Amino acid sequence: MIHIENLTKSFTSTTKKGFKKETITVNAVNEISFDCKPGRIFSLLGPNGAGKTTTLRMIAGIINPTSGTAIVDGIDISKGNDEVKKRIGFLTGSTGLYERLNPDETIEFFGKLYKIPAEKLNDRKEYLFEKLGINEFRKKRVGQMSTGMKQKVSIARTLIHDPEVLIFDEPTSGLDVITAESIIDLIRESKENNKTVIFSSHIMSEVDLLCDDLAIINKGAIIYNSTFENFKAEMKAKNLTQEFINRVKEA
Ligand SMILES: Nc1ncnc2c1ncn2[C@@H]1O[C@H](COP(=O)(O)OP(=O)(O)OP(=O)(O)O)[C@@H](O)[C@H]1O
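Nothing here was measured: the structure is a model prediction, and the numbers come from that model.

*Asks:* Just checking my understanding: could you explain the overall build of the chain for this structure?
*Replies:* If you tally the helices and strands in the chain, you get nine helices and ten strands. Compactness check: the chain gives a C-alpha radius of gyration of 19 Å against a globular reference of 18 Å for 251 residues, within 12% of the reference. Based on the C-alpha atoms only, the size of the chain along its principal axes is roughly 55 × 50 × 35 Å. Split into buried and exposed, the 251 residues of the chain put 36% on the buried side. Long-range contacts, defined here as pairs at least 24 residues apart, represent 71% of the contacts in the chain between residues at least 6 apart.

Written out as structure tokens, the structure reads:
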């Protein structure tokens, strides 16, 4: 379960203009609230720069909110950063992998960081490698892998400790449809195992494949939040993508 209430993030940066210093504040996320429930997939949909990554990074405890609260699996992120990290798997474009390690070594390394007992770690690793099709390149160094291969290893890394809450920032970005499908399958399976799943996207077709609950974010504000079923029932445009575009333009 994720409960967020009036979550806000402002970034302040200072730039030099001649002899003057100028301070700029960007309100990346502005007083947003929503709930993500176990056994359901929540999609945070929005155009570039809308505030999706900033929201997910706050939920994952990577950056602190300027104000507002986020409760993740019963823990207030402002109080229990390490506790939250144990309960979540956070996949982002910058999920770190070591170039010199192969997938086997990578997953062993992160599994040990989470203090997963050896046998359990091995079983979980084999399960994820099979699901994601990593077996054929499990001995190849990360530095020699394609984008899709790296993304699969990043996902295995994210899920190795079998977290209750899964946070995916654009999980299929840059992947071909076959690779994307194996990841979508894994997200679906997580839902069946009663995990709480939130993922961000700007691709309506991906949302259509996965989503139970939907929030649309634009310029840091939530402009729509309901079930995906309601979204489709209320649709005025001829297709989902056009409906998304219209809602963002009208906001
Ligand atoms: N560290 C930062 N410092 C200053 N501004 C930032 C920082 N991170 C994000 N922003 C700004 O906050 C806003 C929201 O950015 P964010 O990355 O959350 O958007 P997004 O919806 O994930 O976009 P995209 O789909 O392009 O990844 C943007 O205007 C961005 O420039």
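*Asks:* So what exactly am I meant to see when it comes to unusual backbone geometry here?
*Replies:* Residues other than glycine predominantly adopt negative phi, and peptide bonds predominantly adopt the trans conformation. One non-glycine residue, Asp73, lies in positive phi territory at about 50°. Locating Asp73 in the fold gives a position in the loop between strand E4 (67-72) and strand E5 (75-76). Under the C-beta neighbour-count criterion, Asp73 is labelled partly exposed, with 17 such atoms within 10 Å. Its identity as a non-glycine residue notwithstanding, Lys115 has a phi of 60°, on the positive side. Relative to the elements of secondary structure, Lys115 occurs in the loop between helix H3 (103-113) and helix H4 (118-132).

*Asks:* I'm lost on the site of the ligand in this one. Help?
*Replies:* Inspection of the region around the ligand gives 13 residues, with Phe11, Ala28, Asn48, Thr53 and Thr54 positioned closest. When contributions to the shell around the ligand are tallied by element, the ones reaching two or more residues are strand E1 (2-17), strand E2 (20-36) and helix H1 (52-59). Residue contributions to the shell around the ligand peak at three residues, all from H1. Residue composition of the shell around the ligand, by class: four nonpolar, eight polar and one charged.

Rules behind the numbers
- Residues numbered from 1 in each chain as written.
- Predicted model: local features only at pLDDT ≥ 70, side-chain atom pairs only at ≥ 80, totals over all residues.
- Helix = DSSP H or I, 4+ residues; strand = E, 2+ residues; numbered from the N terminus.
- Rg over C-alpha atoms; globule rule 2.2 N^0.38 Å.
- Buried ≥ 20, exposed ≤ 12 C-beta atoms within 10 Å, placed from the backbone.
- Contact = placed C-beta atoms within 7 Å.
- Near = placed C-beta within 6 Å.
- Nonpolar A, V, L, I, M, F, W, Y, C, P; charged D, E, K, R; others polar.

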